[in-house]
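# Analysis of the macromolecular model
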Amino acid sequence: MQRKTLFGLLAAALLALILAAVAMFTPILWRSNAPTSSHSGPAITPAKQAELIKYGHYLARAGDCIACHTVRGGQQFAGGLPMPTPFGTLYTPNITPDNETGIGTWSSDDFYRAMHNGRSKDGSLLYPAFPFPSYTKVTRADSDAIYAYLRSVPAIKQPNRPNEMRFPFNNRSLLIGWRTLFFSEGEFQPDPTQSVEWNRGAYLVEGLGHCAMCHTSINALGGSDQSAAFGGGLIPLQNWYAPSLTSDKETGLGDWQLQHIDDLLKTGVSQRSAVFGPMAEVVHNSLQYMSDKDIRAMSVYLKALPQKGEPPEPVQLVTSAAFGAKLFAQGEKIYTQQCASCHEANGRGQPPAYPPLADNHSIQMHSAVNPIRMVLNGGYPPSTTGNPRPYGMPPFAQDLSDEEVAAVVTYIRMSWGNQGTSVSPQQVNALRSAPLE
């Protein structure tokens, strides 16, 4: 999944003109599951090195490194993926072990500093498009394992494309302001009151998984409010809404069975829902490769997240009651003709192939972005080992007008006991040009 969460993050760079110091935090160490690392002490045996590389490969999957550092159809980890922002475009770097264009001359200390402190080999500040605010929680041993794996992949000689950031955002030193406000350095600290399984899940979700980068809204200063962590929010520039994982009205997991959460994370489909859009990429590139034990640990942690208040409500147009009623009636006819054969007249669907729409939190949450995009663009859950031939949703952008799409989305958001609200044709029109990737 391309973590294009930059526009809010970079906006805060303006604050650097008046901020002068970086908050410093004492690293907190936590014993990891990694084999013995090689950043200190005697050289390890070839067998141990192979074990370390294998584990590093696993952790690189957990961190979804391939999503940002590999262009579709390009060489693995050779970088070059454009990440457009309102302030210019960033291009991801080559992280293969090529000495000239990659990280071949980096030491394990250099790599750990990038992961832990968000600084490059030369000491320059990294843009927070690289999720070091989450990766700082990764242990030194796990960082060394990832480093060992990246040193083992083929070296690709591919020069890094210069970023195209406008002034003053092209001055990395100005990021000190954002870091002062929003970056807390320190490895994960286990909670002694929780189980080993819960702590493992917290380490993966908060650290390598960097789930909060999408599932936490960005404030006016361009940072994430940790008091609203996992409260949901619109993913900048992608125009998908990452739902709340803490709010019952959205997609709180408190009433989900652990197996259903496991299934959704591991295969992209479950009896309760299916993933599409950016989350489908996360499952395809990362989560499907994780062990059942780690998936269960993540599920345990996510299910235990405290149910907080309502997430920030995105601004959207509101229809009148009379027009909403008209849309509902029109939408019922369209649903019967176009949708009921898969999702059933009662909205219960045929899970896991065709997800239920009745009592589906992601359908009725305040933001209607996701159901509108699904009707317009269609899509597939990810193809995974556990679900190699997923059933897809056809696009209707070419068949339905803005009002007709608004009508059918209004119908599914307000039928079968769903508590959603009507949507406007203007909302639909605004999303017709949303990027598909």
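Residues numbered from 1 in each chain as written. Predicted model: local features only at pLDDT ≥ 70, side-chain atom pairs only at ≥ 80, totals over all residues. Heavy atoms only, no water.

As annotated in an unreviewed UniProt entry, the protein is Cytochrome c domain-containing protein from Linnemannia gamsii.

## Topic: the overall build of the protein
Stated formally: Counting from the N terminus, the helices are DSSP H or I runs at least four residues long and the strands are E runs at least two residues long. A 1.4 Å probe rolled over the protein chains alone gives each residue an accessible area, and that area as a share of the maximum for its type sets the label: buried under 20%, exposed over 50%, partly exposed in between. Throughout, a residue-residue contact means that at least one pair of heavy atoms, one from each residue, lies within 4.5 Å. Note on areas: Shrake-Rupley with a 1.4 Å probe; residue coverage comes only from the protein chains shown.
Scanning the protein from terminus to terminus reveals 18 helices and five strands. Going through the 437 residues of the protein one by one, you find that 54% of them count as buried. Expressed as a percentage of contacts within the protein between residues at least 6 apart in sequence, the contacts between residues at least 24 apart total 69%. Working note: accessible area of the protein is about 19,500 Å², and carbon and sulfur atoms make up 57% of it.

## Some points on helix 4 (residues 108–117)
Among the 10 residues of helix 4, eight are classified as buried, and the element is accordingly described as predominantly covered. For helix 4, the set of buried residues is Ser108, Asp110, Phe111, Tyr112, Ala114, Met115, His116 and Asn117.

## Some points on the pairing of strand 2 (residues 88–91)
Let me state the cut-off plainly: Here the rule is simple: two strands pair whenever DSSP picks up at least two bridges between them.
Residues Gly88 and Leu90 line one face of strand 2 and the alternating positions Thr89 and Tyr91 line the opposite face, and both faces are buried. Judged from the four bridges that link them, strand 1 (residues 82–85) and strand 2 form a sheet pairing that is antiparallel. Bridge assignment links Thr85 to a residue of strand 2, and that residue is Gly88. Strand direction decides the pairing type here: strand 2 and strand 3 (residues 164–165), joined by two bridges, are antiparallel. The residue of strand 3 that forms the bridge with Thr89 is Glu164.

## Some points on the nonpolar core
As a reminder of what qualifies: Among the buried residues, those of types Ala, Val, Leu, Ile, Met, Phe, Trp, Tyr and Cys that are joined through side-chain atoms within 4.5 Å form a nonpolar core.
Core analysis: the biggest nonpolar cluster contains 58 residues, and Phe77, Phe111, Leu150, Phe230, Met290, Tyr301 and Leu302 have the highest contact counts within it. Grouped together as the second largest cluster of nonpolar side chains are 27 residues, Leu327, Ala368, Ile372 and Val405 included.

## Quick notes on the packing of aromatic side chains
Spelled out, the test is: In this analysis, rings of Phe, Tyr and Trp, with Trp reduced to its six-membered ring, are considered paired at centre separations within 6.5 Å, and the interplanar angle assigns stacked below 30 degrees, edge-to-face beyond 60, and tilted for intermediate values. Lysine and arginine charges are scored as sitting over a ring when NZ or CZ, respectively, is within 6 Å of the ring centre and within 35 degrees of the ring normal.
One pass over the full model with this rule turns up 14 aromatic pairs. Plain terms: the ring middles of Tyr411 and Trp416 are 5.6 Å apart, the flat faces sit at 80 degrees to each other, and that makes the pair edge-to-face. Looking at Tyr411, the relative accessible area reads 8%, which means it is buried. Aromatic ring contacts, followed pair by pair, group Phe132, Trp178, Phe182 and Phe183 into a single cluster. Lying over the aromatic face of Tyr289, Arg61 brings its terminal NZ or CZ to 3.9 Å of the ring centre.

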